[in-house]
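In case you want the letters, here they are:
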Amino acid sequence: MAAVQQNLSKMISAQLRNKANEFLNSRKYANNVAHILEMFDAESDNYTPLLLTIEVIFTELLKRGDLVQEIVPLKPIDHSPEAEYTRWLHECYEAALARCLQCIRRGRTSSRLQALVTACKLLQAEGKHPLEPTTGYYFPSVRLKNIFTVLLDSEISMSAVIARFQEFTEYKDVQQYGLKVLSSIGYKKAPTSIYMQNYLELLDCLLAAEIPTEVKNKAKERDDDKEEKVLCAAEGKAQFAYHAAVCRRHANRCWGFACQWALCDDPRAHRRALLLLVERLMPLLTRPHLATDMLCDSLDAGGPISMLALQGVLELVRRHNIDYPDMYDRLYAMFEPEMFATRYKRRLVHLADIFLSSTHLPEGLVAAFAKRLSRLALVASPEDAISLLQLVANLLLRHPALKRMICYEDTPAIMSTDPYVMEETSAVGSRALGSSLWEVSALRRHAAPGVARAASSVLAAADQRAAAHALAPPDAAMFDAELKKRFKTIEMNFMRPQGMALPAGERLTQYWELMA
């Protein structure tokens, strides 16, 4: 059945290609365009052949200049056959663009993605070959506004389509005009959760390409201008002028819209907004301190949301002198066994390493973190245990007085019970200084070699024989590094098999007999 549908699709594509070639080669086949546009109403699922056909047709018409209408003020409208034909082509072009936008909302996923690509390709062709005579750089903002209006749907999730649109946001003109358009149409008084998700994903997509935050010198700016990718660049016309300050201003306006919505009521939109804030927007905001309330409320929410808010709070503390009370107690309370089930666990360990990098922290506070991390390493996976132990090693390097907590093999046991209180959420009240890091000594005999080496590095750090450790790489990097330690080829048999029979000397033949 799939093969039949594929052959049918190829036949339709061939027929549409012939219709397009006939229209482009001779005007007597002008009705072919109208027939192709009518086929959109008959189709309900696979629009890809139709979309590719109108992309070829109207891209060629724009290159030829067949859609250009010269309007002279105070001059009567030209009703000549040539002018009427041009107006009819222009109407067909507008109808084709409308069909593309409709296909973004319906049909199979591949057709929706193709509809977005076709709309962007036609936007690019119109930017290079405008519908009205122009000598300078031209970007069809109206077309981009129509695309954004569809992407900001209130009832349909556009995650897949917006992810595909990111390949066009690498162009500087798309980023600048996209932020301008989004800042003019993005605000809604009471948006749905789907609209907020689409809006935040689209804003994140537009900010994926880095926006400079510092003023560059002229020589460096000229070098960077040569490397900038521009979607609607046309030969023989003025070049596009990228303004980072304009992008930052529009990005601040777009974020101002999102701050007025009830993002905390929707966990998914809340996480997306925090990711956008801490990874993209913090360096661009003109008044970052206005995000303090949102970050502090998120820090009290618990779970993954608190882990994401921690990075924003760190930025406010380090760069904007914001004081947050009980910061270390809240960080200490985040290290629970449940953290290993979240995707942001590595981010939490990295931020904890930054927070605890000062050598002027109280000894009892650092001892509480070292003890809690060691205890969690007992129940963590090997990859997570390595990261936690490396962080413990860094703490011991920065605070040599904590080496008395290390249990060596030749040290007799002096405690009948561990005074450390794991359930205590306050670092100072956990009584960690009266305990020891017996967990590290136990992990030296772990089955995973990497964990055993990491535990040994903690003991070496206590003896001041090691340098600060970089935190463990992601799982994929660890897997690749482990593969490099192995042979490039793995032999499955040490004797080359000559047939179905077992090789000579096989112990299995002593107890079993193969029957043909």
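As a reminder, the structure under discussion sits directly above these lines.
Keep in mind that what you see is a predicted model, and the values were worked out from it rather than measured.

## Looking at the overall build of the chain
Along the chain, the regular secondary structure elements total 21 helices and zero strands. Out of the 516 residues in the chain, the part that is buried amounts to 43%. Pairs at least 24 residues apart make up 76% of the contacts formed inside the chain by residues separated by at least 6 positions. Carbon and sulfur atoms make up 53% of the accessible area of the chain, which amounts to about 28700 Å² in all.

## Quick look at the environment of Lys172
Within the element layout of this structure, Lys172 appears in helix 8 (residues 172–185). On the basis of relative accessibility, which here comes to 15%, the residue Lys172 falls in the buried class. Separated by 38 residues in the primary sequence, Lys172 and Glu210 place their C-alpha atoms 9.9 Å from one another. When sequence neighbours within four positions are dropped, the list of residues in contact with Lys172 reads Glu210, Glu228, Lys229, Phe240 and Tyr242.

## Section: a nonpolar patch on the surface
Judged by side-chain polarity, Leu378, Val379 and Trp438 come together as a nonpolar surface patch covering roughly 270 Å² of accessible area. You can call Trp438 partly exposed: its relative accessible area is 36%.

## Considerations on the packing of helix 12 (residues 267–281) against helix 13 (residues 292–299)
Viewed as axis vectors pointing N to C, helix 12 and helix 13 meet at an angle of 125 degrees, and their least axial separation amounts to 12 Å. The angle between helix 12 and helix 13 places the two elements in the oblique class. Seen from above, helix 12 lies across helix 13 with left-handed handedness. Contacts between helix 12 and helix 13 involve His270, Ala273, Leu274 and Leu277 from the former and Met294, Leu295 and Ser298 from the latter. Its residues placed into classes, the contact of helix 12 with helix 13 shows five nonpolar, two polar and no charged.

## Details of the packing of aromatic side chains
Applying the stated criterion to the full structure yields 15 aromatic pairs. Plain terms: the ring middles of Tyr137 and Phe240 are 5.2 Å apart, the flat faces sit at 50 degrees to each other, and that makes the pair tilted. In this pair, Tyr137 sits in the loop between helix 5 (109–128) and helix 6 (141–151) while Phe240 sits in the loop between helix 10 (218–227) and helix 11 (244–259), placing the two residues 103 residues apart along the sequence. The buried category is assigned to Phe240, whose relative accessible area is 12%. When the ring of Tyr187 is compared with that of Phe257, the centres are 5.4 Å apart and the planes differ by 50 degrees; the resulting orientation is tilted. Of this pair, Tyr187 sits in the loop between helix 8 and helix 9 (193–206) while Phe257 sits in helix 11, and the two are 70 residues apart along the sequence. Over the face of the ring belonging to Tyr242 we find Lys172, whose NZ or CZ atom lies 4.8 Å from the ring centre. A cation sits over an aromatic face here: Arg372 above Tyr332, 4.5 Å from the ring centre.

## Quick word on the packing of helix 17 (residues 363–379) against helix 18 (residues 382–398)
Here helix 17 crosses helix 18 at 160 degrees, and the two axes come no closer than 9 Å. If you check the angle between helix 17 and helix 18, you find them roughly antiparallel. The chirality of how helix 17 crosses helix 18 is left-handed. For the pair formed by helix 17 and helix 18, the contact residues are Val366, Phe369, Ala370, Leu373, Ser374, Leu376 and Ala377 on the first element and Ala385, Leu388, Leu389, Leu391, Val392 and Leu395 on the second.

## Some points on the nonpolar core
Core analysis: the largest hydrophobic core is formed by 154 residues, its most contacted members being Phe58, Phe148, Phe165, Tyr199 and Phe335. Residues in contact with Phe58, not counting those within four places in the same chain, are Val33, Leu67, Leu89, Cys92, Tyr93, Ala96 and Leu122.

About the criteria used
- Residues numbered from 1 in each chain as written.
- Predicted model: local features only at pLDDT ≥ 70, side-chain atom pairs only at ≥ 80, totals over all residues.
- Heavy atoms only, no water.
- Helix = DSSP H or I, 4+ residues; strand = E, 2+ residues; numbered from the N terminus.
- Buried < 20%, exposed > 50% of the residue type's maximum accessible area, 1.4 Å probe, protein only.
- Contact = heavy atoms within 4.5 Å.
- Areas by Shrake-Rupley, 256 points an atom, 1.4 Å probe, with all protein chains shown as cover.
- Patch = residues over 30% accessible without salt bridge, like charges linked within 9 Å, V, L, I, M, F, W, Y side chains within 5 Å.
- Salt bridge = Lys/Arg side-chain N within 4 Å of Asp/Glu carboxyl O.
- Axes fitted to C-alpha atoms, helices over the stretch in contact; angles between N-to-C directions.
- Parallel < 35°, antiparallel > 145°, perpendicular 65-115°, else oblique.
- Left-handed = near helix turned anticlockwise from the far one by under 90°.
- Nonpolar A, V, L, I, M, F, W, Y, C, P; charged D, E, K, R; others polar.
- Phe/Tyr/Trp six-rings, centres within 6.5 Å; stacked < 30°, edge-to-face > 60°.
- Lys NZ or Arg CZ within 6 Å of the ring centre and 35° of its normal.
- Core = buried A, V, L, I, M, F, W, Y, C linked by side-chain atoms within 4.5 Å.

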